[in-house]
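# Tertiary structure, described
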Amino acid sequence: MSEKTDKNVQAGKAATADTAGGTEQRRLSVFKTYKLYVGGKFPRSESGRVFEVTDSGGNRLANAPLSSRKDARDAVVAARKAFGGWAGATAYNRGQVLYRVAEMLEGRREQFASEVADAEGLSQARAAAQVDAAVDRWVWYAGWTDKIAQIVGGGNPVAGPFFNLSSPEPTGVVAVLAPQESSFLGLVSVLAPVIATGNTAVVVASEKAPLPALSLGEVLATSDVPGGVVNILSGRTAEIAAPLAAHQDVNAIDLAGADEALAKELEIAAADNLKRVLRPQPVDDWAATPGTDRMTAFLETKTVWHPTGSLGASGSAY
């Protein structure tokens with residue numbers, strides 16, 4: 001045996017002995033790379049920029065993409081492309097997809113609890129409760145997809161020989177500014193009602209705690225949600241929201257994550273193409289039953305008149 005071969009054999013025996021003896025093996029940590037979620041894919045910001053995300057104590061957690069105006073425009077294009085198929089799907093099918101999101105999220109409960117705990121400075125138990133509430137929120141809206149039409153639509157009594165029927169239709173592409181303080185449960189509470197009724201969404205994640213939102217994109221990508229139905233951006237809220245509020249192909253905007261000054265500025269910009277605007281509303285507890293207000297906020301009502309025939313002495317003739 002050559003001297004070189006003998007040294008290799010001895011080194012291998014030493015490594016084996018270390019492993020067998022329980023000696024701790026040093027290895028590099030694998031840090032997670034957070035990316036945007038646009039059009040069903042995970043791009044980095046086209047600007048190449050990132051910003052540091054810290055926990056409640058100021059300790060570094062990760063770098064998140066710093067979205068640009070171009071990223072916002074790309075997200076709107078993806079949302080518009082997906083709108084026809086999503087709005088045209090049956091309400092029952094949309095409910096199945098939302099329920100699938102809850103299933104996949106349940107399987108990653110520990111990961112999200114850890115991210116929420118770091119993001120919001122919560123104990124592990126309280127963070128887990130937030131994640132559980134978010135899972136339940138997806139299930140709750142999944143059940144509403146094929147029922148909301150029953151409470152906001154129906155037949156209308158009219159004085160004449162007509163059927164008069166009203167039915168809800170989705171508004172279109174909705175820009176959603178996620179709540180700043182509730183990085184995950186609040187996000188789900190404003191996103192789920194938008195897509196439950198057939199809209200597509202461009203979401204601006206919490207500026208100070210975007211990581212749970214970016215991880216949600218990974219869940220959506222594996223939950224049968226068609227690409228483009230939900231698009232998630234991270235970065236400076238004011239920087240991303242401004243082009244979304246002024247975008248001519250955005251039909252509505254939810255200002256949940258905007259402060260009073262920014263909300264007023266965005267509302268003025270949104271008026272240019274008559275966007276529906278949902279102004280910020282104080283929420284004491286995101287875990288409370290949400291009601292149907294956020295679903296009906298982004299619905300249009302289509303009314304159809306149909307003649308029944310002439311009305312004579314003997315009644316209607318159909």
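Predicted, not measured: the structure shown is a model, and the values here were computed from it.

Bringing the packing of helix H2 (residues 69-88) against helix H9 (residues 237-246) into the picture now. Their axes nearest at 9 Å, the elements H2 and H9 cross at an angle of 45°. With respect to each other, H2 and H9 are oriented oblique. Here the hand of the crossing between H2 and H9 comes out right-handed. In this structure, H2 contributes Arg69, Ala72 and Val76 to the contact, and H9 contributes Glu239, Ile240, Pro243 and Leu244. Here the residues of the contact of H2 with H9 are counted per class, giving five nonpolar, no polar and two charged.

Pairs may arise between side chains of opposite charge once their charged atoms sit close together. Under the counting rule described, the total for this entry stands at 16 salt bridges. Residue glutamate 169 pairs with lysine 302 through a salt bridge whose shortest N-O separation is 3.0 Å. Of the two residues, glutamate 169 is situated in strand S4 (residues 162-170) and lysine 302 in strand S10 (residues 299-307); the sequence distance between them amounts to 133 residues. What makes lysine 302 partly exposed here is its relative accessible area of 38%. Of the charged contacts in the structure, one is a salt bridge between glutamate 300 and arginine 276, with a shortest N-O distance of 2.7 Å. Within this pair, whereas glutamate 300 is found in strand S10, its partner arginine 276 is found in strand S9 (residues 276-278), the two being separated by 24 residues in sequence. Judged by its relative accessible area of 31%, glutamate 300 falls in the partly exposed class. Looking at arginine 276, the relative accessible area reads 32%, which means it is partly exposed. Bridged by salt links that share partners, the residues Lys32, Arg108, Glu115 and Glu218 form one connected network.

Rules and cut-offs
- Residues numbered from 1 in each chain as written.
- Predicted model: local features only at pLDDT ≥ 70, side-chain atom pairs only at ≥ 80, totals over all residues.
- Heavy atoms only, no water.
- Axes fitted to C-alpha atoms, helices over the stretch in contact; angles between N-to-C directions.
- Helix = DSSP H or I, 4+ residues; strand = E, 2+ residues; numbered from the N terminus.
- Parallel < 35°, antiparallel > 145°, perpendicular 65-115°, else oblique.
- Left-handed = near helix turned anticlockwise from the far one by under 90°.
- Contact = heavy atoms within 4.5 Å.
- Nonpolar A, V, L, I, M, F, W, Y, C, P; charged D, E, K, R; others polar.
- Salt bridge = Lys/Arg side-chain N within 4 Å of Asp/Glu carboxyl O.
- Buried < 20%, exposed > 50% of the residue type's maximum accessible area, 1.4 Å probe, protein only.

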